[in-house]
Amino acid sequence: MLQSVSDFLVITKRQLLQMIRIPEVLIFATIQPAMFVLLFRYVFGGAIDSGVDGGYVQLLMPGIFVQTVAFTLAATAVGLAADMQKGLIDRFRSLPISRSAVVIGRTVGDTLQNVVTLVVMGLVGFLVGWRPSSGPVKIFLGFLFLLAFGYSMSWIGVLIGLSVREERVAQNLVFMTVFPLTFLSNAFAPTTGMPKILQYFAEWNPVSTMVAACRELFGTENIFGATANSWPSQNPILMSLIYMVLLVAIFAPISVRKYVRVSK
Amino acid sequence: MKSIIAQNLVKTYDKGTVKALDGLSLEVEEGTVLGLLGPNGAGKTTTVRVLATLLTPDSGSATVAGIDVLKHPDEVRKVIGLSGQYAALDETLTGWDNLTMFGRLYHLNSAASKKRAEELLEKFSLTDAAKRPIRTYSGGMRRRLDLAASLIVKPKVLFLDEPTTGLDPRGRMEMWGVIDELVKGGVTLLLTTQYLEEADHLADSIAVIDTGKVIARGTADELKNQVGGERLEITVEVNQIAEATKLVEQVSGATPTVDAGIRKISAPVSNGSASLIQVLRLLDDAKIHPLDIGLKRPSLDDVFISLTGHVAEVVSEVEAGGKNATKRK
Ligand SMILES: Nc1ncnc2c1ncn2[C@@H]1O[C@H](COP(=O)(O)OP(=O)(O)O)[C@@H](O)[C@H]1O
Ligand SMILES: [Mg+2]
């Protein structure tokens, strides 16, 4: 047991080392969301009538935080596909380490990367007027929620990365799925403008429940949601928790199984 | 004692249409080197992957260091080292990072893994490159580091899949030197290769495989003799072909083959360089000065053509090469 903890820590440490050895990767991973903050804040911020105290940026920040951590799925999938392609996964599989060490190490490593990204985004947000008003405990809980959501999305990424085996394919596949998921939500604009059927989808979308939950935890009224009055949009925190538990409960065992038999 | 035993391994792909292994059996005596020789697509990598616990065969059984590969893969992983056909390293990390990481994964403590990394870098002449990322390494350096990583805990049984494919001649010589050293240390080694010459140099015995089966086994000399041993080849001026052919026949004892177009005469000889000298003397006495003369040892192609009746290499290179290329770079 202790041994398997140390195994996955070694894999996690490998990822932290990668960040040190090629800092460009982390820098770009951080600049991109920071740029999104600025673009949305100044391009759409004027056009969208937010109607909340402090303006659009209060609604925007939770949306962009959730979009960023949702992309952990992509980071994990692409990273693992690259390892598959290079034969590193084979080497790991020939070592006397626990069967879950490599994939747990990866998901934890990607989550730690999110910590850095979220801190930078939070600071950029603050500079352009984001002022969470719920007090330190709830703000902390909000960030914890974001990390937990990113972690559970990461497990879908494990399955995708091990299944497609090629970095490029993984990249295209995840961007094609995660981008629509984050835009078919209440993250950047109210869902009211969508056709009714999409409204329902958007309200059940885990991205929306997460955004709504974070708005609540950061102390902003979620005026972009709940137009169709669905249960998830009224209980976003609970629903998000259920989604996270479900994602991990379903994808972690399947992914570990996949890892064990990955070579067919 | 046998360190590796494989019995009737079968592995098919694409719903049985591709037979990667078709009843492959082999044995390796403890402390010896077996060269698994075969062209692209013969099943070498598949064999190694089954024995190294990475792949479950459809049927058949195998033991490594006395441990059942299918029943106790975890135990097998503790005693083997594997260096695959493509260097499997973290390209962004340095050589040092890679070795210490694998050391930790072999459950050495921090100090021990550092010490071992230092030893191995020294042994493989990589100390100077230790702090550079792998992506700046040459092909030969990568292969050496990959091999070093498979030796971290002094494995009982080592698998090397095409350790010199893709290396330039110098890289190949260095690799041979390194492997020679290892073998002196007494490890049991299964090595795959496409080159008879390499198997000849490194292995105690050779198993030739084609289409997933062992089709011949023996030492390099035994295999070559099976094909007919060495041939003497000389090239002379057109007007001297008839006379030179007579002299060659005198030494060889067999009727030489003559290719008039390129003015080449060739014939099997039994005692190599002695025959060469003898022919040279006769030619000299007859005032014939050959344009070119030499002994030709049978190549893998010759062995293959004689064993299977077909040239395996060309056909499957396209097919297997294409597949591998999409699988990994
Ligand atoms: N994952 C796979 N899917 C389909 N066919 C495969 C797979 N792996 C290997 N093969 C096929 O099995 C045969 C043996 O492959 P391999 O063991 O890699 O040969 P070698 O290492 O001797 O070049 C080849 O025809 C190859 O195309
Ligand atoms: Mg191969």
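Rules of the game
Residues numbered from 1 in each chain as written. Chains lettered and ligands numbered in written order. Predicted model: local features only at pLDDT ≥ 70, side-chain atom pairs only at ≥ 80, totals over all residues. Heavy atoms only, no water. Helix = DSSP H or I, 4+ residues; strand = E, 2+ residues; numbered from the N terminus. Buried < 20%, exposed > 50% of the residue type's maximum accessible area, 1.4 Å probe, protein only. Contact = heavy atoms within 4.5 Å. Areas by Shrake-Rupley, 256 points an atom, 1.4 Å probe, with all protein chains shown as cover. Lys, Arg positive; Asp, Glu negative; His and termini not counted. Charge placed at Lys NZ, Arg CZ, Asp CG, Glu CD. Rg over C-alpha atoms; globule rule 2.2 N^0.38 Å. Pairing = 2+ DSSP bridges. Axes fitted to C-alpha atoms, helices over the stretch in contact; angles between N-to-C directions. Donors = N, O, S within 2.8 Å, 3.2 Å for Na, K, Ca; no water. Phe/Tyr/Trp six-rings, centres within 6.5 Å; stacked < 30°, edge-to-face > 60°. Lys NZ or Arg CZ within 6 Å of the ring centre and 35° of its normal. Salt bridge = Lys/Arg side-chain N within 4 Å of Asp/Glu carboxyl O. Parallel < 35°, antiparallel > 145°, perpendicular 65-115°, else oblique. Left-handed = near helix turned anticlockwise from the far one by under 90°. Nonpolar A, V, L, I, M, F, W, Y, C, P; charged D, E, K, R; others polar.

A look at the overall build of chain B
In terms of helices and strands, chain B carries 12 helices and 14 strands. Along the first, second and third principal axes, the C-alpha atoms of chain B reach 75 × 50 × 40 Å. For chain B, the proportion of its 329 residues judged to be buried stands at 50%. A separation threshold of at least 6 residues defines the contact pool for chain B, and within that pool the share at least 24 residues apart is 67%. For chain B, the accessible area works out to roughly 14,900 Å², and carbon and sulfur atoms hold 51% of it. Between the centroid of the 40 positive side chains of chain B and the centroid of its 44 negative side chains there is a distance of 6 Å.

Overview of the overall build of chain A
Helices and strands together make up the secondary structure of chain A, namely 12 helices and zero strands. Ordered by position in the sequence, the α and β elements of chain A form the string α-α-α-α-α-α-α-α-α-α-α-α. For a compact globule of 264 residues, the expected C-alpha radius of gyration is about 18 Å, and chain A comes in at 19 Å, within 12% of that figure. Structurally, chain A occupies a C-alpha span of about 60 × 35 × 35 Å along its principal axes.

Remarks on unusual backbone geometry
Residue and element names in this part refer to chain B. Non-glycine residue His107 carries a positive phi angle of around 70 degrees. One non-glycine residue, Arg263, lies in the positive phi region at around 55 degrees. With respect to the helices, strands and loops of the structure, Arg263 is situated in the loop between strand 12 (257–259) and strand 13 (264–268). You can call Arg263 partly exposed: its relative accessible area is 27%.

Considerations on the sheet that holds strand 4 (residues 59–64) of chain B
Residues and elements named next belong to chain B. Strand order in the open sheet made by the four strands is 2-1-4-5, with antiparallel pairing throughout. The open sheet has two free edges, formed respectively by strand 2 (18–29) and strand 5 (67–68), since each of these has just one partner strand. Sheet topology places strand 4 next to strand 5; two bridges connect them, and they run antiparallel. Each residue of the ladder has a partner; that of Val64, found in strand 5, is Ile67. Sheet strands in contact with helix 1 (residues 44–51) are strand 1 (2–13), strand 2 and strand 4, and its direction is about 60 degrees off that of strand 2.

Some points on the coordination of the magnesium ion (ligand 2)
Ideal values differ by geometry: the angle at a metal is 109.5 degrees with four tetrahedral donors, but 90 or 180 degrees with six octahedral donors. Donor atoms from the polypeptide that bind the magnesium ion (ligand 2) are Thr45 of chain B (OG1) and Gln85 of chain B (OE1), placed at 2.0 to 2.1 Å. Taken as a pair, Thr45 of chain B in helix 1 and Gln85 of chain B in the loop between strand 6 (80–83) and helix 3 (95–105) lie far apart in primary sequence, 40 residues in all.

Some remarks on the sheet that holds strand 8 (residues 188–193) of chain B
All names here are of chain B. Taken together, the six strands give an open sheet; going across it, the order is 6-7-8-3-9-10, and neighbouring strands pair in mixed fashion. Since the sheet does not close on itself, it has two edges, and those belong to strand 6 and strand 10 (213–218), each with one partner. Pairwise comparison of adjacent strand axes, ignoring direction, gives a mean angle of 15 degrees for this sheet. As paired strands, strand 7 (residues 157–161) and strand 8 are joined by five bridges and run parallel to one another. The residue of strand 8 that forms the bridge with Leu158 is Leu189. Packing against the sheet, helix 1 makes contact with strand 3 (33–37), strand 6, strand 7, strand 8 and strand 9 (205–210), and its axis sits at approximately 155 degrees to strand 8.

Some remarks on the packing of aromatic side chains
Given two aromatic rings, their pairing is described by the distance between the two centres and the angle made by the two planes. All chains considered together, the criterion is met by 16 aromatic pairs over all chains. Ring geometry for Phe40 of chain A versus Phe188 of chain A: centroids 4.4 Å apart, planes at 20 degrees, classification stacked. Of this pair, Phe40 of chain A sits in helix 2 (residues 23–44) while Phe188 of chain A is found in the loop between helix 8 (167–183) and helix 9 (196–204), placing the two residues 148 residues apart along the sequence. Neither Phe40 of chain A nor Phe188 of chain A differs from the other in exposure class; each is buried. Judged by centre distance (5.2 Å) and plane angle (35 degrees), the rings of Phe183 of chain A and Phe188 of chain A are tilted. Since its relative accessible area comes to 6%, Phe188 of chain A is described here as buried. Feature note: the residues Phe36, Phe40, Phe71, Phe175, Phe179, Phe183 and Phe188 of chain A constitute an aromatic cluster, connected by ring pairs. Of note, Lys131 of chain B hangs over the ring of Trp96 of chain B, and the distance from its end group to the ring centre comes to 5.1 Å.

As for the pattern of salt bridges
In this structure the tally under the stated criterion is 24 salt bridges over all chains. With a shortest N-O distance of 3.4 Å, Asp83 of chain A and Arg106 of chain A are connected by a salt bridge. A residue pair is termed long-range when its members are at least 10 positions apart, and Asp83 of chain A in helix 4 (residues 72–86) and Arg106 of chain A in helix 6 (residues 101–127) qualify at 23 residues. For Arg106 of chain A, a relative accessible area of 8% gives the class buried. Asp22 of chain B is paired through a salt bridge with Lys19 of chain B; the nearest N and O atoms lie 3.6 Å apart.

Examining the packing of helix 3 (residues 56–70) of chain A against helix 6 of chain A
All names here are of chain A. The interhelical angle for the contact between helix 3 and helix 6, taken along N-to-C directions, is 160 degrees, at an axis separation of 11 Å. Comparing the axis directions of helix 3 and helix 6 gives the class roughly antiparallel. Pair helix 3 / helix 6 crosses with right-handed handedness. Along the contact surface, helix 3 presents Met61, Ile64, Phe65, Thr68 and Val69, while helix 6 presents Asn114, Thr117, Leu118, Met121, Gly122 and Gly125. Class assignment of the residues belonging to the contact of helix 3 with helix 6 gives a composition of six nonpolar, five polar and no charged.

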